[in-house]
Amino acid sequence: MKCNEFQNLWTEALDEGLAPEKKREWETHRDSCPACREELESLDSLQHQLRGIPPANPPPPVFWNRQTESIMKKIEAAPGRRLSRLWEALFQPRGAFAAAALALLIFFGYRYFSPTPLSDPADENQWALQLGDEEEIEQGSWDLDLTEEQLDDYYAYLAQKYFPQVDLEDEFSEKVWIEDLDEQGLDQAIQFYEKNSGRRTL
Amino acid sequence: MVFDEDRSLIEEVLSGRLEAFEGLIRKYQKPIFYFVQRMLRRQEDSDDVTQKTFVQAYRNLAKFRFESSFKTWLTKIAINLARNQLRILSRSFFELDDQVADEKTQNEMERREGEEEKIWLKQALDGLPPTQKEVVVLRIYDELSFKKIAQVVGSNEGTAKVNFHHGMRRLKEMYEKRRKSEE
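Q: Which parts of the structure should I look at to understand the interface of chain A and chain B?
A: One frequently used descriptor of interface size is the decrease in accessible area upon assembly of the parts. Each partner contributes residues to the interface: chain A has 43 residues there, and chain B has 47 residues. Between chain A and chain B, roughly 4,500 Å² of surface is buried when both sides are summed, and carbon and sulfur atoms account for 59% of that area. Per-residue buried area on chain A facing chain B is highest for L50, I53 and W64 of chain A; these three make up 14% of the total on that side. Between the two partners, chain A and chain B, sit four salt bridges. When the shortest N-O distance is used, the salt bridge between K172 of chain B and E39 of chain A registers 3.0 Å. In this structure, the connection of chain A to chain B is made through 18 residue pairs in polar contact (both at pLDDT 80 or more). Contributions of two or more residues to the side of chain A that touches chain B are made by α1 (3-8), α2 (10-14), α4 (34-51), α5 (61-77), α6 (79-90) and α9 (134-139) of chain A. Looking at the side of chain A that touches chain B residue by residue, the classes come out as 19 nonpolar, 14 polar and ten charged.

This is the structure:
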């Protein structure tokens, strides 16, 4: 084994990733080449020294409790949490699609309320299944694998179907993720949804 | 075992028992915080990014498919948030001034304790290009395999190894230069 190869295999050796024969060659070279051995020792020593650097300003013990409480408060207050309850409430035979329509209300905003006629599949399930995976649809994450164009089409279709009369321009002038809505924004979205779909959510 | 414990906590959270998430926070908040702190240095930023990491993890918990450990997944979220924070900090002179002031205080404390070499090494580590620093920190302090590091930083294993190797050699060269200048 040449010095160059020996050094290139250093990271493999660190993870015990060398095949037995290669490992023997590597160790033989290490034992017989003083320059490479010195290089290896200095890298090992450097790693050791780096490990000895303590974290800067270790926080006091009380910090961790405060941090935990703060995270839990944020989670409890997060619209996402309320959204998941909303999602559960909506999960009826056609509920997932109604919820997707709610997401559309915020996600694509007014831009998709164009008068351009869109194709209207007879069955929403069939439409969605053409685009996503059945299991993912049930989990509400079916849209993750879609292309942007497919998503645009689908949300635009839902927009026309569920929110034909809503003027969103005044309320949501730009694209916003539903997870980013504050309490008030989510309330507004729910009110829009309930008003226009005739369904109760929470 | 760790996987099983995490899995059951995650399933509890997904079934609506929010309190179970507290168990995940308590288990992983320290490693995530210290990792972020090594990337960002300032405690305030590190606390903020750690909190955001858990909030984002909670929001996306249903998308976690147990293909990696929960800790790896959390670190991946943390590294993305830390990168964003670094970008913000690099644009803000005031923030950077604060950061330098914080560092100075910390460094003075350590200097008093006769640990100049550690200070120098810490600064040298901070001076590495971010892609090399991330990998060195994950390897040295979080003791991750290169396979896991690749998952966390979003590269392949080979690239993670190359970045680690380059980072360490760069540190070694700087270290040797410093020692020679002191002699």
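Anyway, onward from the coordinates.
Q: Looking at this structure, how should I read empty space enclosed by the protein?
A: If you roll a probe as big as a water molecule over the atoms, it shows you where there is empty space left. A full pass over the atoms with the stated rule returns three cavities of 30 Å³ or more. Size it by volume and the largest cavity reaches roughly 120 Å³. Taken together, twelve residues form the lining of the largest cavity, with A56 of chain A together with Q37, R38, R41 and K122 of chain B sitting closest to its centre. Those elements that place two or more of their residues in the lining of the largest cavity are α2 (19-40) and α6 (116-126) of chain B.

Q: Would you mind going over α2 of chain B with me for this structure?
A: Because an α-helix packs 3.6 residues into every turn, residues spaced three or four apart end up facing the same way. If you check α2 of chain B, its first and last C-alpha atoms are 30 Å apart, about what 22 residues at 1.5 Å a residue would give, namely 32 Å. At the C-terminal side of α2 of chain B, R41 of chain B shows a positive phi close to 80 degrees.

Q: When you look at unusual backbone geometry in this model, what are you seeing that I'm missing?
A: Peptide bonds are, in most cases, trans, and in most cases residues other than glycine have a negative phi. Residues and elements named next belong to chain B. Although it is not a glycine, F66 sits at a positive phi angle of roughly 60 degrees. Along the chain, the position of F66 falls in the loop between α3 (43-59) and α4 (70-91). On the basis of relative accessibility, which here comes to 25%, the residue F66 falls in the partly exposed class. Backbone geometry places E143, a non-glycine residue, at a positive phi of 55 degrees. Counting through the fold element by element, E143 comes out in the loop between α7 (130-140) and α8 (146-153). We classify E143 as exposed; its relative accessible area is 59%.

Q: Looking at this model, I keep getting lost on the packing of α2 of chain B against α7 of chain B. Mind explaining?
A: Describing two packed helices takes the angle between their axes plus the distance from one axis to the other. All names here are of chain B. Relative to each other, α2 and α7 sit at 145 degrees, their axes nearing to 10 Å. When you trace α2 past α7, the crossing you get is right-handed. On α7, the residues that touch F35, R38 and M39 of α2 are K133, E134, V137 and L138. Taken together, the residues that form the contact of α2 with α7 break down as four nonpolar, no polar and three charged.

Q: I tried to follow the packing of α8 of chain B against helix α9 (residues 157-182) of chain B on my own but got confused; where do I start?
A: Residues and elements named next belong to chain B. Remark: α8 packs on α9, axes separated minimally by 8 Å, with the N-to-C direction vectors making an angle of 100 degrees. In terms of orientation, α8 lies roughly perpendicular with respect to α9. Residues F146, K147, I149 and A150 of α8 touch α9, and the partners they reach there are E157, A160, K161 and F164. Looking at the contact of α8 with α9, its residues break down into five nonpolar, no polar and three charged.

Q: What is the right way to read the packing of aromatic side chains from this model?
A: Each aromatic ring pair is summarised here by two numbers: the centre-to-centre distance and the angle between the ring planes. Residue and element names in this part refer to chain B. On inspection of all chains with the given rule, the structure shows 16 aromatic pairs over all chains. Ring plane angle 70 degrees and centroid distance 5.6 Å describe the contact between F33 and Y34, whose orientation is recorded as edge-to-face. For F33, a relative accessible area of 0% corresponds to the buried category. With a centroid separation of 4.9 Å and an interplanar angle of 40 degrees, the aromatic rings of F64 and W73 are classed as tilted. For the pair F64 and W73, one class covers both residues: buried. One aromatic cluster is present, built from ring pairs that chain together Y28, F64, F66, F70 and W73. Over the face of the ring belonging to F66 we find R7, whose NZ or CZ atom lies 3.9 Å from the ring centre. Above the plane of the ring of Y141 lies R38, whose end atom (NZ or CZ) is 3.5 Å from the centre.

Q: Any chance you could explain the environment of I32 of chain B here in plain terms?
A: Residues and elements named next belong to chain B. One can find I32 in helix α2. Looking at I32, the relative accessible area reads 1%, which means it is buried. A C-alpha to C-alpha distance of 6.5 Å links I32 and T75, two positions 43 residues apart in sequence.

The rules we used
Residues numbered from 1 in each chain as written. Chains lettered and ligands numbered in written order. Predicted model: local features only at pLDDT ≥ 70, side-chain atom pairs only at ≥ 80, totals over all residues. Heavy atoms only, no water. Contact = heavy atoms within 4.5 Å. Buried area = accessible area lost by both parts, 1.4 Å probe. Salt bridge = Lys/Arg side-chain N within 4 Å of Asp/Glu carboxyl O. Polar contact = N/O pair within 3.5 Å; in protein donor to acceptor, adjacent residues only side chain to side chain. Helix = DSSP H or I, 4+ residues; strand = E, 2+ residues; numbered from the N terminus. Nonpolar A, V, L, I, M, F, W, Y, C, P; charged D, E, K, R; others polar. 1 Å grid on protein atoms, 1.4 Å probe; cavity = no way out; pocket = protein on both sides within 12 Å on 5 of 7 lines; lining within 4 Å. Points joined across faces, edges and corners; volume = space filled by probe spheres on them. Expected span 1.5 Å × (residues − 1). Buried < 20%, exposed > 50% of the residue type's maximum accessible area, 1.4 Å probe, protein only. Axes fitted to C-alpha atoms, helices over the stretch in contact; angles between N-to-C directions. Left-handed = near helix turned anticlockwise from the far one by under 90°. Parallel < 35°, antiparallel > 145°, perpendicular 65-115°, else oblique. Phe/Tyr/Trp six-rings, centres within 6.5 Å; stacked < 30°, edge-to-face > 60°. Lys NZ or Arg CZ within 6 Å of the ring centre and 35° of its normal.

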